[in-house]
Amino acid sequence: MHDAIVVGLGPAGSTAAYTLASRGLNVIAFDKEKFPRYKSCGGCISTKIERTLDFDISGVFEDTVYGATFTYKSGRSTDIISDRPVGHNVMRDRFDALLVSRAKGAGASIVEGCRITGLRDEGSYVTARCGTGETYRARFLIGADGSSGFVGREVFGLNPRECAVSITAEVPYNRKEMNVSGRLFIDFGGIPFGYGWIFPKKDFLSVGIAGDAAKVRGRVKDYFNSFVSTHEILRGLKIDGKIGWTVPIFYNGAAPSIKGRVILAGDTGHLVDPFLGEGIYYAIKTGKAAADTVADCVAGGETDLAAYQVWLGKEIYPEFRAAEKLSDLVYNHPRLWYSILEKDPGIMQKFYDVIRGVDNCDSFYNRVYQSVTSRPWTVLRRWVASRFLAS
Ligand SMILES: Cc1cc2nc3c(=O)[nH]c(=O)nc-3n(C[C@H](O)[C@H](O)[C@H](O)COP(=O)(O)OP(=O)(O)OC[C@H]3O[C@@H](n4cnc5c(N)ncnc54)[C@H](O)[C@@H]3O)c2cc1C
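Here goes a summary of the coordinates provided. Please read all numbers here as calculations on a predicted model, not as lab measurements.

Some thoughts on the side chain of His 270
- Checked against the element boundaries, His 270 lands in the loop between β18 (262-264) and α6 (280-300).
- With relative accessibility at 5%, the residue His 270 sits in the buried group.
- A distance of 3.0 Å separates a polar atom in the side chain of His 270 from the backbone oxygen of Ile 249.
- Each residue touching His 270, except ones within four places of it in the same chain, is listed here: Leu 158, Asn 159, Glu 162, Pro 248, Ile 249, Phe 250 and Tyr 251.

What to know about the packing of helix α1 (residues 11-22) against helix α2 (residues 92-105)
- Interhelical geometry of α1 versus α2 gives an angle of 20° and a closest axis separation of 8 Å. On the basis of their axis angle, the class for α1 and α2 is roughly parallel. You can see that α1 and α2 cross each other, and the crossing is left-handed. Where α1 approaches α2, its residues Pro 11, Ser 14, Thr 15, Ala 17, Tyr 18 and Ala 21 are matched on the opposing element by Arg 92, Phe 95, Asp 96, Leu 99, Val 100, Arg 102 and Ala 103.
- Of the residues that constitute the contact of α1 with α2, the class distribution is eight nonpolar, two polar and three charged.

Some thoughts on the state of the cysteines
- Under the defined criterion, the tally for this structure stands at zero disulfides.
- With no disulfide of its own, Cys 41 lies closest to Cys 44 among cysteine sulfurs, the gap being 9.1 Å.
- We note that Cys 163 lacks a disulfide partner, and the nearest cysteine sulfur, in Cys 41, lies 15 Å from it.
- A relative accessible area of 7% means that Cys 163 is categorised as buried.

Thoughts on the sheet that holds strand β3 (residues 44-46)
- Taken together, the three strands give an open sheet; going across it, the order is β3-β7-β4, and neighbouring strands pair in antiparallel fashion. Among the strands making up the open sheet, the edge pair consists of β3 and β4 (63-65). Averaged over all neighbouring strand pairs, the angle between strand axes comes to 25°, with direction disregarded.
- Bridging between β3 and strand β7 (residues 87-89) involves three bridges; their strand directions are antiparallel.

Side note on the environment of Ser 166
- The topology assignment puts Ser 166 in strand β12 (residues 164-172).
- Taking the C-alpha atoms as reference, Ser 166 lies 18 Å from Ile 45; in sequence the two are 121 residues apart.
- When sequence neighbours within four positions are dropped, the list of residues in contact with Ser 166 reads Ile 209, Ala 210, Val 220, Ile 243, Gly 244 and Trp 245.
- At 2.9 Å, the side chain of Ser 166 and the backbone oxygen of Trp 245 are in polar contact.

Cut-offs applied
- Residue numbers here run from 1 along each chain, matching the order of that chain's written sequence.
- Reporting in this predicted model follows two pLDDT cut-offs: at least 70 for local features of residues, and 80 or more for side-chain atom pairs to be given and counted; totals over whole chains, interfaces and linings ignore these cut-offs and use all residues.
- Here the side-chain values reflect all heavy atoms present in the structure, with hydrogen atoms and water set aside.
- Only DSSP runs of H or I covering at least 4 residues are called helices, and only runs of E covering at least 2 are called strands; the numbering of each starts at the N terminus.
- The classification of residues rests on relative accessible area computed with a 1.4 Å probe and restricted to protein chains. Under 20% of the type maximum is buried, over 50% is exposed, and intermediate values are partly exposed.
- Counted as a polar contact is a pair of N or O atoms within 3.5 Å, where, for protein atoms, one must be capable of donating a hydrogen and the other of accepting one, and residues adjacent in sequence contribute only when both atoms are in side chains.
- By definition, residues are in contact when any of their heavy atoms lie within 4.5 Å.
- Interaxial angles span 0 to 180 degrees and are taken between N-to-C directions of axes, which are lines fitted to C-alpha atoms, for helices over the stretch in contact.
- By the definition adopted for this analysis, an angle is roughly parallel if under 35 degrees, roughly antiparallel if over 145, roughly perpendicular if from 65 to 115, and oblique otherwise.
- Handedness of a crossing is defined here by the sense of rotation of the near helix relative to the far one, left-handed for an anticlockwise turn of less than a right angle and right-handed for a clockwise turn.
- Nonpolar residues are Ala, Val, Leu, Ile, Met, Phe, Trp, Tyr, Cys and Pro. Charged residues are Asp, Glu, Lys and Arg, and all others, Gly as well, are polar.
- Note on terminology: disulfide denotes any pair of cysteine sulfur atoms within 2.5 Å.
- The pairing criterion for strands is at least two bridges between them, as found by DSSP.

Purely geometric numbers; function is a separate question.
As structure tokens, this is what we get:
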């Protein structure tokens, strides 16, 4: 009997395993893959991460981001760069392998290449079954099996259709020949309810596009092809190895993330910011909080995981709800949004503070909403002028 089983060793699961083992619990953690493994991802982590982990991860940073070059439908561009970092770019194979090694170093039992195929809450413990037939028992189980995992979907009944669909590719490039370091490239308007991106790493440009599944309606490949064939930065580069993946964004009305002795962290619980699709930070943050709740229960001989749900309601959901409102505003009017950024780059500078975690998304949304509604004629003029962006 273990204190805890963790299913999945992405950022959520490896942080959970690290936290549990560091607090002296007997934890066993499984991943169906062997590390390092590929994960389709832009790999940009906001600087909030620096206040979240208690060990150094700067060794796997491939680039530090100070802002972005924004475009509308791969056309006109505007640079909005800050004097302070906003995020760091990583390759997920190296980053995730580092987190797994820290969990192992803290004393967690790590089992790679083993898929968990089912679990049962037996009342006084939980059983997890491996694809190879063995079963394991623990007091608690943390589901951290990502967007393709079964725990959130099958055990908690979360809706897999509440997601963004994406296509990505890692494009080799010569860093010395291209002046792209220190910034992201973000394109609005090229896909319904989403955006396209180019995130520079040391040897690759991580290129992708993602949009709301219901609005994209199976045409994500077409949007990707159009984005990569028109964006200035990608001219002359060879784009192979496209991969499709889903981003299980937060949605209002999602079921709670605790059920009996099982608790969800990261993507499997749809704990992804619905505006940017930022999930790495939230996977780490929720993995840690889930593990702390389990450790507190073990220490106190309790079984009630409700403290985690209370924490989500206080620390995570308000930001996600504000991000949902911001998505509606921006992605329903991408052309207008781009023209606002072009004329008033200070707006994006303020949003960088939200990404850094020094301002909150709700107050940012209110500021944008007020500035739009208090100057309707200016906004209307910009909207009319922005029609020429499309040509
Ligand atoms: C195209 C794309 C671009 C993105 N870009 C960014 C970005 O730039 N910045 C950002 O912050 N976020 C980004 N995200 C989101 C981010 O990738 C996720 O939010 C993050 O990986 C979530 O971490 P996780 O640990 O919850 O899940 P994952 O990283 O998916 O890890 C889950 C793990 O569980 C394992 N697993 C699954 N099923 C089982 C099973 N049955 N048994 C055992 N193991 C199992 C998997 O092998 C995997 O290793 C992006 C996502 C996509 C799809």
